[in-house]
Amino acid sequence: MALTESKIKDLQDKKFDKLFEKHKAEWVAMANNAFAAARDHICGGNAPRADDILKMLLPALEPNQTLRKHQEDVHARYGRFRVAFGEYIIDKVFFGPKEEKK
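Throughout what follows, the structure given in this document is the object of discussion.

Reading guide: rules and limits
- Residues numbered from 1 in each chain as written.
- Predicted model: local features only at pLDDT ≥ 70, side-chain atom pairs only at ≥ 80, totals over all residues.
- Heavy atoms only, no water.
- Axes fitted to C-alpha atoms, helices over the stretch in contact; angles between N-to-C directions.
- Helix = DSSP H or I, 4+ residues; strand = E, 2+ residues; numbered from the N terminus.
- Parallel < 35°, antiparallel > 145°, perpendicular 65-115°, else oblique.
- Contact = heavy atoms within 4.5 Å.
- Nonpolar A, V, L, I, M, F, W, Y, C, P; charged D, E, K, R; others polar.
- Phe/Tyr/Trp six-rings, centres within 6.5 Å; stacked < 30°, edge-to-face > 60°.
- Buried < 20%, exposed > 50% of the residue type's maximum accessible area, 1.4 Å probe, protein only.
- Core = buried A, V, L, I, M, F, W, Y, C linked by side-chain atoms within 4.5 Å.
- Arc of directions from axis to C-beta.
- Polar contact = N/O pair within 3.5 Å; in protein donor to acceptor, adjacent residues only side chain to side chain.

This paragraph deals with the packing of helix α1 (residues 5-13) against helix α6 (residues 79-94). Viewed as axis vectors pointing N to C, α1 and α6 meet at an angle of 110°, and their least axial separation amounts to 10 Å. As judged from the angle between their axes, α1 and α6 are roughly perpendicular. Contacts between α1 and α6 involve Lys7, Asp10 and Leu11 from the first element and Arg80, Phe81, Ala84, Phe85, Glu87 and Tyr88 from the second. Looking at the contact of α1 with α6 residue by residue, the class counts come to five nonpolar, no polar and four charged.

Structural data, given as structure tokens:
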């Protein structure tokens with residue numbers, strides 16, 4: 001799995017970028033917890049890769065009421081949006097801000 005420009009565009013079309021910024025502290029905390037869990041339980045103490053973090057993040061995102069309400073509000077109920085949003089969170093938190101061309 002990887003975050004692609006196409007997925008970013010799909011997320012932006014459904015305002016997931018705004019959701020991330022509005023609740024940034026919540027998503028950062030979830031990503032850091034997923035990182036620690038992946039490091040400790042999947043990677044034997046080594047730094048996890050993005051897909052390993054995603055494995056631990058997705059179960060936390062699934063019941064998240066903030067995300068579920070947003071998905072309902074913007075008519076993006078499909079699981080692919082949840083996965084793409086998880087990839088987006090990981091990208092933003094661990095790989096830093098990317099300069100976007102307008």
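We are not done yet, so read on.
On to the packing of aromatic side chains, then. Geometrically, a pair of aromatic rings is defined through the distance of the ring centres and the angle of the planes. Using the criterion set out here, one finds six aromatic pairs in the structure. Centroid distance phenylalanine 16 to phenylalanine 81: 5.8 Å. Interplanar angle 5°. Geometry classified as stacked. With a gap of 65 residues between them, phenylalanine 16 in helix α2 (residues 16-22) and phenylalanine 81 in helix α6 connect regions that are remote in the sequence. In this structure phenylalanine 81 comes out as buried when scored by relative accessible area, which is 6%. The rings of Phe16, Phe20, Trp27, Phe81, Phe85 and Tyr88 are connected pair by pair, giving a single aromatic cluster.

All right, on to the nonpolar core then. If you look at the biggest cluster of nonpolar residues, it comprises 21 residues, and the most contacted ones within it are Phe16, Trp27, Phe85 and Ile89. For this core, the secondary-structure elements that each account for two or more residues are α2, α3 (24-41), α4 (50-61) and α6. Here the element with the most residues in this core is α6; it accounts for six residues. In this structure, phenylalanine 85 is in contact with Leu11, Phe16, Leu19, Phe20, Trp27 and Leu67, ignoring residues within four places of it in sequence.

All right, on to helix α5 (residues 65-73) then. Within α5, burial applies to Leu67, His70 and Gln71. End-on, the buried residues of α5 take up no more than an arc of 100°, which puts them together on one face. Turned more than 90 degrees away from the buried face of α5, the exposed residues are Gln65 and Lys69. Against α2, α3, α4 and α6 lie the buried residues of α5. The distance from a side-chain oxygen at the start of α5 to the backbone nitrogen of threonine 66 is 3.0 Å, and the residue carrying that oxygen is asparagine 64. One or two steps after α5, the chain reaches histidine 75, where phi turns positive at roughly 55°.

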